[in-house]
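Analysis of the macromolecular model
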Amino acid sequence: MEVLRGVAQVDFMPSAVCGLFFVTALFAAGWQYGLYGLLGSAVSTAVAYGLGLGRDTVRAGLTGYNGCLVALGCAVFLGPGHPATVVVAVLGAAVAVVVTAGLGALLEGRGIPALTAPFCLVATAVTAAAPGLRNLWHQDAGPAALPVPATGATGLSWEQLWHGFLANIGQVFFMPQWYVGLLFLAGLFVASRLAGLMACVGSATALLTAWAFGAPAEAVGQGLLGYSGVLVALALCGVFVAPGGWSAAYAVLGAAAATVLTPALGALSAPFGGHAFTWPFVLTTMLFLAAVPAIPRLRRI
């Protein structure tokens, strides 16, 4: 159960049933991704138990979700079929537990959660290091590239619109397939109707923001700009901030900000692949949560 909750906690849901939907979605994308997601959550959960971390925290899946994302990131960016990928996925999932505990200690008392920052730190380190390690890097060319102006059509077709809406939700787990995003969304609604609704709000906000600022339609349709907006919307209305009209508006503002921040962080990371991961979500949510005590109309949960 802890392993399934660890997968579900990627989207803040402490529900094993939701985790089962999420794992099903990963297997629908590819059996390797389902296995890597379970592996990452299982390794992190086992390490957390081994280190004697709080049992209630582990049982809720709060030590497993970063490991799940680390393992999936390794599979997606390094190739799932290589033994070295399995090794680094296991190592990264274990390290993510320590990073999570360390960030938790640093942020304790400030009311700011670590979110997926441990995953971002580990994944950024792995992707930056991989080209220098022959057993990890299996591509002919290196990833180095300078940021370039966006090219391609910006007008969204109907197919790109609905595909992007669902892909935004799937890309939280690196999966761009619309049917995978639909399964993730179904899992959210099973766990919480509010969570399902806010995921839709975050995805729609990201789509509108990306279109309004002229993002390439192909990238929008693949969900590459909108996944952080989904997570921000979930976090700022119902997870860390009490739900209501004002927090919903606050979540929309945060989702739009994270969408604009995504290509900026992608440009900064261009020399080692241009992977923004969930850094836009992490930075936006931390800053917006830090501001909540100063805003009388909002209340932390």
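Now for a quick tour of the structure. (Residues numbered from 1 in each chain as written. Predicted model: local features only at pLDDT ≥ 70, side-chain atom pairs only at ≥ 80, totals over all residues. Heavy atoms only, no water.)

Let us look at unusual backbone geometry. Trans is the common state for peptide bonds, and a negative phi is the common state for residues other than glycine. Positive phi values are uncommon outside glycine, yet F174 reaches one of about 70°. Along the polypeptide, F174 turns up in the loop between α8 (158–170) and α9 (178–191). Despite not being glycine, F277 shows a phi value in the positive range, around 50°. Secondary-structure assignment places F277 in the loop between α13 (245–268) and α14 (279–291). (Helix = DSSP H or I, 4+ residues; strand = E, 2+ residues; numbered from the N terminus.)

Counted according to the given criterion, the structure contains two cavities of 30 Å³ or more. Around the largest cavity sit V70, G73, C74, F77, L78, A123, V126, T127 and F277, which together line it. Among the elements of the structure, α5 (65–78) and α7 (117–129) are those that each provide at least two residues to the lining of the largest cavity. If one sorts the elements of the lining of the largest cavity by residue count, α5 sits on top with five residues. A class-by-class count of the residues in the lining of the largest cavity yields seven nonpolar, two polar and no charged. (1 Å grid on protein atoms, 1.4 Å probe; cavity = no way out; pocket = protein on both sides within 12 Å on 5 of 7 lines; lining within 4 Å. Points joined across faces, edges and corners; volume = space filled by probe spheres on them. Nonpolar A, V, L, I, M, F, W, Y, C, P; charged D, E, K, R; others polar.)

This part takes up a nonpolar patch on the surface. Side chains of W158, L161, W162, W178, Y179 and L182 sit close together on the surface and give an oily, nonpolar patch of about 620 Å² of accessible area. At the level of elements, α8 and α9 are the ones that each hand at least two residues to the nonpolar patch. In this fold, W178 is placed in helix α9. Accessibility expressed as a relative area gives 35% for W178, which makes it partly exposed. (Patch = residues over 30% accessible without salt bridge, like charges linked within 9 Å, V, L, I, M, F, W, Y side chains within 5 Å. Areas by Shrake-Rupley, 256 points an atom, 1.4 Å probe, with all protein chains shown as cover. Salt bridge = Lys/Arg side-chain N within 4 Å of Asp/Glu carboxyl O. Buried < 20%, exposed > 50% of the residue type's maximum accessible area, 1.4 Å probe, protein only.)

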